[in-house]
Amino acid sequence: MTTPAIQVSNLVKTFGKLRALDGVSFTVNGPSVFCILGPNGAGKTTLLRILTTMSHPDSGTAEIEGHNVLTDTLNVRHLIGVVSQENHFDSYMTIWHNLSVHAQMHGMSRAEYEPRITELLHQVRLYDRRFNLADQLSGGMQRRVALIRALIHRPKVLFLDEPTTGLDPQARLEIWEAIEHFKQTATVILTTHYMDEADRLGDRIMMINHGQIVMTGTPTELKQSISPLDTYQLTFRNALAAQYQSKLNAWSHQHGEAITGVTLIDSYRLQFQVCRPEALRDIVALVDPPDFSGLSQTEANLEDVFMSVARNKPNKANAEASI
């Protein structure tokens, strides 16, 4: 049986009366990109600090590639790479010198790290800038260097904490391309506030709020969880949505629950799920022509899912997610 890249069981962490992590359990199998999303204060940073050996939980366990983060810290640190929100380069050193010093800190010999640095710099298209000082690079270039610095020692798990914050669209795209390349050989744990980033990069996404896991799945699964594929909106010319809500519910009951979840969006719009496609024709026929404005299929995006998580405190004391 393959050892999970990450195995977390019932993690609890408190700060005074604040329960930053409240019985968090999940498993990550790689290589893949596993995104962690949640509002500010949800517990993302606390979770990452524990997984990267920077903090201890009050209770529970966490393992990286089968190694306990509390009792086998040294091995865990050799197994992971970390890209924090700050680049933390030595500004008086060249990029090559910065990278070589980092490699030596991981016990790599010159014969090991020189070809590895060369390989990585070529992959992110920065080999020609290797003798520049860090301050001479753009923000996007510095983030690419920070990314390959974390990868020099070939970690099994790469932690990226909001890696594209503050970058322009072209620089973000370059980081995305690098992540998609490196996920072929490493498990990538990514926190981000950008929903398009999570949608594009995430093989699976875990949403956390108030220290608890509230939702997990592929981007498509999460979007469908609040707006299934057969979700439609019926729009009226006048403020008659409440009146037609009762009419549609009664019609559905008479026809074997042909539609479900008839919801009042506002005075002019109803939303519902269709159980049988042929019901759409009958629904339109129920609306008096002068009242009808339109019928459209709706699909949520990750922003909608994120906002639904941010608005609600989870009811469960514990949840599990896996990839």
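Residues numbered from 1 in each chain as written. Predicted model: local features only at pLDDT ≥ 70, side-chain atom pairs only at ≥ 80, totals over all residues. Heavy atoms only, no water.

Peer 1: Whenever I open this one, the sheet that holds strand β11 (residues 231–236) confuses me. Can you help?
Peer 2: Adjacent strands of a sheet form backbone hydrogen bonds with each other and so pair up, either parallel or antiparallel. Spatial ordering of the open sheet is given by β12-β13-β11-β14, a layout of four strands whose pairing is antiparallel. The sheet is open, and its two edges are formed by β12 (259–266) and β14 (292–297), each paired on a single side. Strand-to-strand twist of the sheet, defined as the mean angle between neighbouring strand axes without regard to direction, takes the value 20 degrees. By the bridge criterion, five bridges tie β11 to β14 in an arrangement that is antiparallel. (Pairing = 2+ DSSP bridges. Helix = DSSP H or I, 4+ residues; strand = E, 2+ residues; numbered from the N terminus. Axes fitted to C-alpha atoms, helices over the stretch in contact; angles between N-to-C directions.)

Peer 1: Would you mind going over the pattern of salt bridges with me for this structure?
Peer 2: Pairing between side chains of opposite charge can happen when their charged atoms approach one another. Tallied over the entire structure, the rule returns 13 salt bridges. With a closest N to O distance of 3.3 Å, Glu119 and Arg116 form a salt bridge. You can see Glu119 and its partner Arg116 sitting in helix α4 (residues 110–123), three residues apart, about one turn around the helix. Overall, Glu119 belongs to the partly exposed group, its relative accessible area being 33%. With a relative accessible area of 10%, Arg116 lands in the buried category. By sharing partners, the salt bridges in this structure join Arg116, Glu119 and Arg154 into a single network. (Salt bridge = Lys/Arg side-chain N within 4 Å of Asp/Glu carboxyl O. Buried < 20%, exposed > 50% of the residue type's maximum accessible area, 1.4 Å probe, protein only.)

Peer 1: It is not clear to me how empty space enclosed by the protein should be interpreted in this structure. Could you clarify?
Peer 2: Any empty space left between atoms is shown by rolling a water-sized probe over those atoms. All told, the structure shown has one cavity of 30 Å³ or more when counted by the stated rule. Of the voids in this model, the largest cavity is the one considered here, and its volume is about 40 Å³. If you trace the largest cavity, you find it lined by Val83, Arg143, Leu147, Leu160, Pro163, Ile175 and Ile179. Breaking the lining of the largest cavity down by element, the ones donating at least two residues are α5 (139–151) and α6 (169–182). Classifying every residue of the lining of the largest cavity by side-chain character gives six nonpolar, no polar and one charged. (1 Å grid on protein atoms, 1.4 Å probe; cavity = no way out; pocket = protein on both sides within 12 Å on 5 of 7 lines; lining within 4 Å. Points joined across faces, edges and corners; volume = space filled by probe spheres on them. Nonpolar A, V, L, I, M, F, W, Y, C, P; charged D, E, K, R; others polar.)

Peer 1: Where do I start with the pairing of strand β1 (residues 6–15) in this structure?
Peer 2: Relative to strand β4 (residues 59–64), β1 runs antiparallel, the two being bridged by five bridges. Bridge pairing links Gln7 to Glu63 in β4. Sheet analysis places β1 next to strand β2 (residues 18–28), joined by eight bridges and oriented antiparallel. Bridge pairing links Thr14 to Arg19 in β2.

Peer 1: How should I be thinking about the packing of aromatic side chains in this particular structure?
Peer 2: For any two aromatic rings, the description comes down to two numbers: the centre-to-centre distance and the angle of the planes. All told, the structure shown has three aromatic pairs when counted by the stated rule. Between Tyr232 and Phe272, the ring centres sit 6.5 Å apart and the planes meet at 20 degrees, which makes this aromatic pair stacked. Of the two residues, Tyr232 sits in strand β11 while Phe272 sits in strand β13 (residues 269–274), which places them 40 residues apart along the sequence. Ring centres 4.8 Å apart and planes at 15 degrees place the aromatic pair Phe236 and Tyr244 in the stacked group. When sorted by exposure, Phe236 lands in the same class as Tyr244, which is buried. Over the face of the ring belonging to Tyr127 we find Arg130, whose NZ or CZ atom lies 3.8 Å from the ring centre. The aromatic ring of Tyr194 is capped on one face by Arg172, whose charged end is 4.1 Å from the ring centroid. (Phe/Tyr/Trp six-rings, centres within 6.5 Å; stacked < 30°, edge-to-face > 60°. Lys NZ or Arg CZ within 6 Å of the ring centre and 35° of its normal.)

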